[in-house]
Amino acid sequence: MSLEGRRIVLGVSGGIAAYKAPDLVRRLRDAGASVRVVMTRGAESFVSPMTFQAVSGHPVHDTLWSAEAEAAMGHIDLARWADLVLVAPATANVMARLAHGLADDLLTTLILATESPVCIAPAMNHQMWLHPATQGNLTVLEDRGVAIMGPGAGDQACGETGPGRMLEPQDLADRVQLLLGRAGTLAGVKVLVTAGPTLEDLDPVRFLGNRSSGKMGFAVAEAARRLGAEVTLVAGPVSLDTPAGVERVNVRSAQEMYAAVMQRAADSDIYVGAAAVADFRPKLASEEKIKKGTEDFQTIELVRNPDILAAVAGSENAPFTVGFAAETSDVEQYARGKLDKKKIDMIAANRVGVDHQGFDCGDNALTVLWNEGRQDLALQPKSSLAGALMQLVEERFRTARDE
Ligand code: CTP
């Protein structure tokens, strides 16, 4: 049970989805968590506190102003007790109150007082969700580090269809496990992953880039997190959501990625370089937009970027280092060459330039090579492929550490 010993304050606010919150309490408890429920006044119009008391095994907290409640566990105690505060459902009103830092009831007050992670599962009519006021509040909360879970899209209680449905209790419980879980074969292991392309600026409006979508690296980060690792993801410019429980560092160029990685490499146990790093950058990046002029052609002078993977593998206290190789032919031969040349522990090679595989696709297949062996991972969605790869990495990492 990956939430064994973890303490969760579940804030329930007044939306119709509150009827699903008792089931959420049960699923969190099934995973081993202790749950205390805090209800807003509105929530009590939908579900009775007695229901939550029964499923959580503790009295419900619903007021700031009761001497009795303060004597038992007041807002500061609850704020300190929680390893995580989850608001599910989070109505448009509660999101607005949180965005503005109001402290006008127990739930909002304890959220201001807690140092623990806060996540919300929005649930509301789709027009309310799409309203600029709600979207603005969402941005404020995201920027402040609140984890946003959902909402899903589909049929709504009001009879309309669109985004605004609270995620299902099991889905929420799974996400909480990703955020807080410490079980798994990589528990206590620090994993540093790079993903996406790097963009090398020519001038303020142009750059050299490549077709990497970042999907494989993001899937690797998520897979490592699922195995219980503490994961940092250094990402080039991609439009992908950060996997739950993963710390993300955004970079643009190869040099920025190099700096972000080298700062963290010595403190990491495993490094997975899934980024498609540009090998070269323009020698000069013009501060002004380059004009076409009258010439028929222009020459761009390029200089070599640092090889991040080789630098990590060659550094002091180097982590267990895993590289990727994208090849159009002689995949295994080239990949083994890179394994030896860059002195890395493992390389995951794939064929690019074939349909339905590799760059820009949801699916991929890999041939994983290390000094004494190899393993083929069949064509499958990148998410499950990343899980299989990380399991293999974990085995080799343990073997290398025990040697
Ligand atoms: N890599 C890196 N830093 C670079 C270039 C690549 O860390 N400047 C890493 C990638 O993240 C990937 C692996 O190295 O893990 C890819 O190997 P590489 O030899 O760079 O591949 P290609 O650029 O495809 O090499 P070649 O052009 O020689 O085929």
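About the thresholds
Residues numbered from 1 in each chain as written. Predicted model: local features only at pLDDT ≥ 70, side-chain atom pairs only at ≥ 80, totals over all residues. Heavy atoms only, no water. Helix = DSSP H or I, 4+ residues; strand = E, 2+ residues; numbered from the N terminus. Buried < 20%, exposed > 50% of the residue type's maximum accessible area, 1.4 Å probe, protein only. Contact = heavy atoms within 4.5 Å. Areas by Shrake-Rupley, 256 points an atom, 1.4 Å probe, with all protein chains shown as cover. Lys, Arg positive; Asp, Glu negative; His and termini not counted. Charge placed at Lys NZ, Arg CZ, Asp CG, Glu CD. Axes fitted to C-alpha atoms, helices over the stretch in contact; angles between N-to-C directions. Parallel < 35°, antiparallel > 145°, perpendicular 65-115°, else oblique. Left-handed = near helix turned anticlockwise from the far one by under 90°. Domains from an automatic or database assignment. Buried area = accessible area lost by both parts, 1.4 Å probe. Salt bridge = Lys/Arg side-chain N within 4 Å of Asp/Glu carboxyl O. Nonpolar A, V, L, I, M, F, W, Y, C, P; charged D, E, K, R; others polar. Pairing = 2+ DSSP bridges. Phe/Tyr/Trp six-rings, centres within 6.5 Å; stacked < 30°, edge-to-face > 60°. Lys NZ or Arg CZ within 6 Å of the ring centre and 35° of its normal.

### Observations concerning the overall build of the protein
Here is step 1: Broken down by element type, the protein carries 14 helices and 19 strands.
Here is step 2: C-alpha atoms of the protein, sized along the principal axes, occupy 75 × 60 × 40 Å.
Here is step 3: A burial count over the protein gives 49% of its 403 residues as buried.
Here is step 4: Within the protein, contacts between residues at least 6 apart in sequence are counted, and of these 67% link residues at least 24 apart.
Here is step 5: Accessible surface, the protein as shown: approximately 19,700 Å² in total, 49% of it carbon and sulfur.
Here is step 6: Each charge sign in the protein was given a centre, from 40 positive and 51 negative side chains, and these centres are 1 Å apart.

### Some thoughts on the packing of helix α10 (residues 215-226) against helix α14 (residues 382-402)
Here is step 1: Direction vectors running N to C along α10 and α14 enclose 55 degrees, while the axes themselves pass 8 Å from each other. Classified by the angle their axes make, α10 and α14 are oblique. Every pair of crossing elements has a handedness; the one defined by α10 and α14 is right-handed. Between α10, through Lys215, Met216, Ala219, Val220, Ala223 and Ala224, and α14, the contact on the second element is made entirely by Lys382, Ser383, Leu385, Ala386, Gly387, Leu389 and Met390.

### Quick look at the domain arrangement of the protein
Here is step 1: Taken domain by domain, the protein comprises domain 1 (7-180) and domain 2 (190-402).
Here is step 2: Each of domain 1 and domain 2 has a C-alpha centre, and the two are 37 Å apart.
Here is step 3: Listed per partner, the contact involves five residues of domain 1 and five residues of domain 2.
Here is step 4: For the pair domain 1 and domain 2, the summed buried area comes to about 390 Å², and 64% of that belongs to carbon and sulfur atoms.
Here is step 5: Interface area lost by domain 1 to domain 2 is led by Arg175, Leu178 and Leu179, which between them contribute 92%.
Here is step 6: Our enumeration of links across domain 1 and domain 2 arrives at zero salt bridges.
Here is step 7: Taken together, the residues of the side of domain 1 that touches domain 2 sort by class into three nonpolar, one polar and one charged.

### Let's talk about the sheet that holds strand β13 (residues 270-273)
Here is step 1: Pairing is mixed across the open sheet formed by eight strands, whose spatial order is β12-β11-β8-β13-β16-β17-β18-β19. Strand pairing shows two members of the sheet lacking a second neighbour, β12 (247-250) and β19 (373-381), which therefore form its edges. Here the strands of the sheet are splayed against their neighbours by 15 degrees on average, with no regard to which way each runs.
Here is step 2: Note: β13 against strand β16 (residues 320-327), four bridges, orientation parallel. When the sheet's bridge partners are listed, Gly273 is paired in β16 with Gly323.
Here is step 3: In this fold helix α11 (residues 254-265) packs onto β8 (190-195), β11 (230-235), β12 and β13, with an angle of close to 170 degrees to the strand it touches most, β8.

### Structural notes on the packing of helix α1 (residues 21-30) against helix α9 (residues 169-180)
Here is step 1: In contact at an axis separation of 9 Å, α1 and α9 are set at 40 degrees when each is read in the N-to-C sense. The pairing of α1 with α9 is recorded here as oblique in orientation. Seen along the crossing, α1 lies across α9 with a hand that is right-handed. For the pair α1 and α9, the contacting residues are Asp23, Leu24, Arg27 and Leu28 in the first and Pro169, Gln170, Leu172, Ala173 and Val176 in the second.

### Digging into the sheet that holds strand β1 (residues 7-12)
Here is step 1: Taken in spatial order, the five strands line up as β2-β1-β3-β4-β5 in an open sheet, and their pairing is parallel. The open sheet has two edge strands with one neighbour each: β2 (34-39) and β5 (147-148).
Here is step 2: Pairing between strand β4 (residues 118-122) and β5: two bridges, direction parallel. Bridging from a neighbouring strand, Cys119 pairs with Ala147 of β5.
Here is step 3: Against the sheet, helix α6 (residues 106-113) engages β1, β2, β3 (84-90) and β4, with an angle of about 145 degrees to β3.

### Structural notes on the pattern of salt bridges
Here is step 1: The final tally for this structure, using the stated rule, is 19 salt bridges.
Here is step 2: Residue Asp171 pairs with Arg175 through a salt bridge whose shortest N-O separation is 3.0 Å. With Asp171 and Arg175 both in helix α9, this residue pair falls four residues apart, about one helical turn.
Here is step 3: What makes Arg175 partly exposed here is its relative accessible area of 30%.
Here is step 4: Here Arg252 makes a salt bridge to Asp201, at a shortest N to O gap of 2.6 Å.

### Topic: the packing of aromatic side chains
Here is step 1: Across all of its chains, the model carries one aromatic pair by this definition.
Here is step 2: On the basis of an interplanar angle of 75 degrees and a centroid distance of 6.1 Å, the ring pair of Phe320 and Phe397 is categorised as edge-to-face. Placement of Phe320 in strand β16 and of Phe397 in helix α14 is noted, with a sequence separation of 77 residues between them. Each member of the pair, Phe320 together with Phe397, is buried.
Here is step 3: Directly above the aromatic system of Trp81 lies the positively charged group of Arg36, at a separation of 5.1 Å from the ring centroid.

### Things to note about the environment of Val331
Here is step 1: Position of Val331 among the secondary structure elements: in helix α13 (residues 331-341).
Here is step 2: Overall, the relative accessible area of 17% leaves Val331 in the buried class.
Here is step 3: In this structure, the C-alpha to C-alpha distance between Val331 and Leu392, residues 61 residues apart in sequence, is 19 Å.
Here is step 4: Contact partners of Val331, with chain neighbours within four places excluded, come to Ala349, Asn350 and Arg351.

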